[in-house]
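# Inside the fold
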Amino acid sequence: MSEHAPGPEAATGGAPDLGAVSGAGAGLAGLAGLAELDHDRAARRGYPEAVYCEGKTAAQVAAIAAAVRERYAGTGHMGPDIPVTLFTRADDGHAKAVLAELPDARHDTEARLLAWPPAPPTATGGKVTVVCAGTSDLPVAREALLTATYLGRETAFVADVGVAGLHRVLGKLDLLRSARAVVVVAGMDGALPSVVAGLVASPVVAVPTSVGYGAAFGGLAPLLAMLNACAPGVAVVNIDNGYGAGHLAAQIAAPFPAA
């Protein structure tokens, strides 16, 4: 995982820039000196590796996507037999590079996320509900939602229920209380996770976003507010880290081990 990455665990090395190298046809050989993919992570931890695209060139991301494709080419394993690979924080150039190697990958432009294979696994365990305070929080909230979905959980989504109109979140209580874990995404004053945690029995995963005016300090103000939540049962991830929140919520809502 690159040191600057706030969320996904992307295999990286102190490698030379492959900006001049085409990912097409490079496959596993094209990763030499660039990355070492952790293909066994799903078997070891129960959840597959993700690729954090921000900070990588399009060619580097293409090489990783080609290696993912080559790993399963000709194996006869398709669909649910292939652990999902998520490409997060993908800009237009990254997305184009991934789709050139994995043309059937799902691309959610708002979340800046691609998933391959495109069909999520069959949902197991409990439900994860993702709540966002405002429309401006949607990119981070959708990253959390899709992460939990592709890690095998039933998901539900609630948008624009910030504390400026408390009646909105109160009108969603039945949905919130039906979840095994609730992800709450908010910028500005970051108050919504405390409100939700005081209304539900499930753990709340709070995600501060960089949405807000000057004194929000790019998400620092909501981060500190969430860390100081009065209601117990709130875990806080890094600023704008929808992937980390969705992953943690999926783990919380995982199926119970067989007795």
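We now turn to the structure provided with this report. Fair warning: this is a prediction, and the values are worked out from it, not measured in the lab. (Residues numbered from 1 in each chain as written. Predicted model: local features only at pLDDT ≥ 70, side-chain atom pairs only at ≥ 80, totals over all residues. Heavy atoms only, no water.)

Glancing now at the pattern of salt bridges. Tallying each qualifying case throughout the model produces 7 salt bridges. In this structure, Arg89 engages Glu54 in a salt bridge whose closest nitrogen and oxygen atoms are separated by 3.6 Å. In this pair, Arg89 is assigned in the loop between strand S2 (85–88) and helix H3 (92–101) and Glu54 in the loop between strand S1 (50–52) and helix H2 (58–72), connecting sequence segments 35 residues apart. Across the pair Arg69 and Glu101 runs a salt bridge whose closest N-O atoms are separated by 2.3 Å. Pair noted here: Arg69 is in helix H2 and Glu101 is in helix H3, with a separation of 32 residues, a long-range link. By relative accessible area, which is 7% here, Glu101 ends up buried. One salt-bridge network, in which partners are shared between bridges, spans Glu54, Arg89 and Arg112. (Salt bridge = Lys/Arg side-chain N within 4 Å of Asp/Glu carboxyl O. Helix = DSSP H or I, 4+ residues; strand = E, 2+ residues; numbered from the N terminus. Buried < 20%, exposed > 50% of the residue type's maximum accessible area, 1.4 Å probe, protein only.)

What links the strands of a sheet is backbone hydrogen bonding, and the strands pair in either a parallel or an antiparallel sense. Overall, mixed pairing links the 4 strands, which are arranged S1-S2-S4-S3 in an open sheet. Since the sheet does not close on itself, it has two edges, and those belong to S1 and strand S3 (106–108), each with one partner. Put simply, the sheet's adjacent strands are angled 15° from each other on average, direction ignored. Bridge count for S2 against strand S4 (residues 113–116) is 3 bridges, and the pairing is antiparallel. Residue Phe87 lies in a different strand from S4, and its bridge partner there is Leu114. Lying on the sheet, H3 is in contact with S2, S3 and S4; it crosses S4 at an angle near 10°. (Pairing = 2+ DSSP bridges. Axes fitted to C-alpha atoms, helices over the stretch in contact; angles between N-to-C directions. Contact = heavy atoms within 4.5 Å.)

Looking now at H3. For H3, the full list of buried residues reads His94, Ala95, Ala97, Val98 and Glu101. The arc that holds every buried residue of H3, seen down its axis, measures 160°, which confines them to one face. Pointing more than 90 degrees away from the buried face of H3 are the exposed residues Asp92, Lys96 and Ala100. The secondary structure elements touched by the buried residues of H3 are H2, S2, S3 and S4. Regarding H3, its N-cap is Asp91, as a side-chain oxygen of that residue lies 3.0 Å from the backbone nitrogen of Gly93 further along. (Arc of directions from axis to C-beta. Polar contact = N/O pair within 3.5 Å; in protein donor to acceptor, adjacent residues only side chain to side chain.)

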